[in-house]
Amino acid sequence: MKARVFQEVVLLSYTQTYPYFFRISSGDELCRSESSLPLCTNASLTDRQCRFPPPFYISGLTSEKDKVAVLSQETNTNQLLTDESLINSILPKELLLRIFSYLDVVSLCRSALVSKYWEILALDGSNWQRVDLFEFQTDVCDSVVHNLAKRCGGFLKKLSLHGCQGIDDTAMRNFAKWCNNIEELDLTNCKKITDSMCVDLGQHCRRLQRLELDSCIQITDASLEAISRGCPSLEYIDVSWSGITDTGLDHMCRGCPRLKAIVAKGCHLISNDGLRSVGQHCSQLRHLNLKKLF
């Protein structure tokens, strides 16, 4: 089939998240996409190859006759291009991975069901650098964190387990070993977490910059001591409603000179001595929240 004018075909991905745009000229020449990415320069498509999987939309035809001819030919031949024969063969793996990197957790999981190749792309560790499981907090257990850490490895930079009360130190021990490039970790309201987890973080996660332990009621001075020894890059910490005292605060201020924010709401065991350590050792501090301290 050779149309006299340009035909614009919009091929939607199976996740219906990122449309890909192709144009076919009268010479069946594959042109550049609307995103101006050089998909396949000087490539040509035969009549047999000009098939697109549904849903598709065709516009720009000069007459209804041309449009009917295209649809009729499509129906009669019933030779639709699959994602493997079109998208995957034209776009390099690096570009596909870049597209997948914009998907959220749910979309990545759905994309992994499309085909084996998309499963490989969707579950590639580079797509899991930032993961927020807050929406699934009631379903997250130790095995979820274990599999996530094993899949992401050193790619993971930011993880939020806010409200995931089902996880404990066992899951976080493997996480600290495998995801040692973590920079931001939110464990707010994870009440089963203890000092043992912070010891593991201190041993393996030296790049940690932000740590949120709000309402982790089993956290004590031992956690801050371990963090101070192993996480010198720490800039933000929230230990609200925990059991820390002046001793732990002093350890943290001495071992983490880059601290810019300390949040310790409801930590009634902190006194003027602890605040004195903050003033002496935290020269870069910009934010201090001691609400409901006294």
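Please refer to the structure placed before this passage.
Predicted model, so just to flag it, every value in this text is computed and none were measured.

If you walk through the whole model with that rule in mind, you get one aromatic pair. Seen from their ring centres, F100 and W118 are 5.4 Å apart, and the 85° between their planes marks the pair as edge-to-face. Here F100 is found in helix α3 (residues 93-100), whereas its partner W118 is found in helix α5 (residues 116-122), with 18 residues between them in sequence. Taken individually, F100 and W118 each receive the classification buried, so the pair is uniform in this respect.

What follows concerns the pattern of salt bridges. For the structure shown, the criterion picks out six salt bridges. Among the salt bridges present, the one from R210 reaches E212, with a minimum N-O distance of 3.0 Å. Since its relative accessible area comes to 15%, E212 is described here as buried. Residues R276 and D273 are paired through a salt bridge, measuring 2.8 Å at the closest nitrogen-oxygen approach. Taken together, the residues R276 and D273, both in helix α11 (residues 272-281) and three residues apart, mark about one turn of the helix. Residue class for D273 comes out partly exposed when judged on its relative accessible area of 47%.

Turning to the environment of E235, a few remarks are in order. Considering the arrangement of structural elements, one finds E235 in the loop between α9 (221-230) and β8 (236-238). Residue classification places E235 among the partly exposed residues on the basis of a relative accessible area of 28%. C-alpha of E235 to C-alpha of A261: the two residues are 26 residues apart in sequence and 6.5 Å apart in space.

Procedures and definitions
Residues numbered from 1 in each chain as written. Predicted model: local features only at pLDDT ≥ 70, side-chain atom pairs only at ≥ 80, totals over all residues. Heavy atoms only, no water. Phe/Tyr/Trp six-rings, centres within 6.5 Å; stacked < 30°, edge-to-face > 60°. Helix = DSSP H or I, 4+ residues; strand = E, 2+ residues; numbered from the N terminus. Buried < 20%, exposed > 50% of the residue type's maximum accessible area, 1.4 Å probe, protein only. Salt bridge = Lys/Arg side-chain N within 4 Å of Asp/Glu carboxyl O.

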